[in-house]
Amino acid sequence: MYTTTVKTGKILDGKTGLKIAAPLFIWLMAELVVFLIAVKVEIFVISFSAMLLFVIIFFAVIPIGYHMRKRADGFRGKESFQYEEITFHTTDGELYVDDIKLDVTYNESQTEIFVDHIMEWETKFGQKAMCTDFIGIVEEPYLKDFVRFLEEEGIKIHQE
């Protein structure tokens with residue numbers, strides 16, 4: 001077992017994703033309700049008011065989209081990583097963290113090691129999809145000790 005500080009990627013879980021997407025679902029339901037009211041009402045004045053409300057709600061998607069983008073900023077770019085103490089263990093020459101088998105890869109300049117578990121599968125419509133359980137980057141000053149640990153355990157480091 002080996003514990004070190006790793007820069008890990010934040011994983012967007014269901015609860016957080018729902019909080020980000022909830023305004024869009026509410027907007028969609030409001031748009032549907034106003035549209036159905038406008039279609040069902042036969043009086044021109046009420047129908048015109050409902051269609052005007054439909055247009056107003058339709059353009060409300062712009063600030064909703066902006067709000068969703070701001071809330072999701074923490075999962076994109078440099079803000080999508082955080083430093084954590086991670087304990088690695090090995091079995092049969094493979095590196096694991098919390099029973100997740102990891103791939104170990106040097107970057108081009110050999111200044112960082114990427115440890116990740118990225119799965120790729122084909123959907124029923126023939127498209128490729130990717131999913132990850134763990135993404136981490138071991139950087140200096142922890143890199144040399146981590147490489148020594150990997151070499152002692154016989155774990156192969158792939159080149160990018």
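Relevant structure appears above.
Here is a short report on the structure shown in this document. Source: prediction; values computed, not measured.

Cut-offs used in this document
Residues numbered from 1 in each chain as written. Predicted model: local features only at pLDDT ≥ 70, side-chain atom pairs only at ≥ 80, totals over all residues. Heavy atoms only, no water. Pairing = 2+ DSSP bridges. Helix = DSSP H or I, 4+ residues; strand = E, 2+ residues; numbered from the N terminus. Contact = heavy atoms within 4.5 Å. Core = buried A, V, L, I, M, F, W, Y, C linked by side-chain atoms within 4.5 Å. Buried < 20%, exposed > 50% of the residue type's maximum accessible area, 1.4 Å probe, protein only. Expected span 1.5 Å × (residues − 1). Bend = angle between axes of the 7 residues up to and from the residue. Patch = residues over 30% accessible without salt bridge, like charges linked within 9 Å, V, L, I, M, F, W, Y side chains within 5 Å. Areas by Shrake-Rupley, 256 points an atom, 1.4 Å probe, with all protein chains shown as cover. Salt bridge = Lys/Arg side-chain N within 4 Å of Asp/Glu carboxyl O.

Overview of the pairing of strand S2 (residues 81-91)
Piece 1. Direction of pairing for strand S1 (residues 2-9) relative to S2: antiparallel, over a ladder of 8 bridges. Residue Thr4 lies in a different strand from S2, and its bridge partner there is Ile86.
Piece 2. Across 3 bridges, the pairing between S2 and strand S3 (residues 94-97) is antiparallel. Residue pairing across strands places Thr90 opposite Leu95, the latter belonging to S3.
Piece 3. Following S2, the chain reverses through 2 residues before pairing antiparallel with S3; Asp92 in that reversal takes a positive phi of roughly 55 degrees.

Let's talk about the side chain of Thr4
Piece 1. Within the secondary structure layout, Thr4 lies in strand S1.
Piece 2. When residues no more than four places from it in sequence are discounted, the contact partners of Thr4 are Glu84, Glu85, Ile86, Phe88, Tyr142 and Phe146.

With respect to the nonpolar core
One broad trend across soluble globular proteins is that nonpolar side chains are buried collectively.
Piece 1. In this structure, Phe88, Leu95, Ile113, Val115, Phe146 and Leu150 are the most contacted members of the largest nonpolar core, which totals 21 residues.
Piece 2. Of all the secondary-structure elements, those providing two or more residues to this core are S1, S2, S3, strand S4 (100-106), strand S5 (113-122), strand S6 (128-138) and helix H4 (143-153).
Piece 3. Top element by residues in this core is H4. It accounts for 5 residues.
Piece 4. Sequence-distant contacts of Ile113, defined by excluding residues within four places in its chain, comprise Val104, Thr105, Tyr106, Gly136, Ile137, Val138, Leu143, Phe146, Val147, Leu150 and Ile157.
Piece 5. Counting 8 residues, the second-largest nonpolar core is a separate cluster that includes Ile20, Trp27, Phe54 and Ile57.

Re the pairing of S3
Taken residue by residue, a regular strand's side chains alternate between the two faces of the sheet.
Piece 1. The alternating pattern of S3 places Leu95 and Val97 on a buried face and Glu94 and Tyr96 on a face that is not buried.
Piece 2. The sheet contact formed by S3 and S4 spans 3 bridges and is antiparallel. What sits directly across from Tyr96, in S4, is Lys101.
Piece 3. What sits between S3 and S4 in their antiparallel hairpin is a turn of 2 residues, with Asp98 showing a positive phi close to 50 degrees.

Quick notes on helix H1 (residues 14-40)
Piece 1. Taking 1.5 Å of rise per residue, 27 residues should cover 39 Å, and H1 covers 36 Å from first to last C-alpha, within 8% of that figure.
Piece 2. Roughly 45 degrees is the biggest bend found in H1, and it falls at Ala21, with proline Pro23 one to four residues downstream.
Piece 3. Those residues of H1 lying buried are Ile20, Ala21, Trp27, Glu31, Val34 and Ala38.

Describing a nonpolar patch on the surface
Piece 1. Nonpolar side chains collect at one region of the surface, where Met29, Leu32, Phe35, Leu36 and Val39 lie side by side and expose about 470 Å² of accessible area between them.
Piece 2. Relative to the assigned elements, Met29 resides in helix H1.

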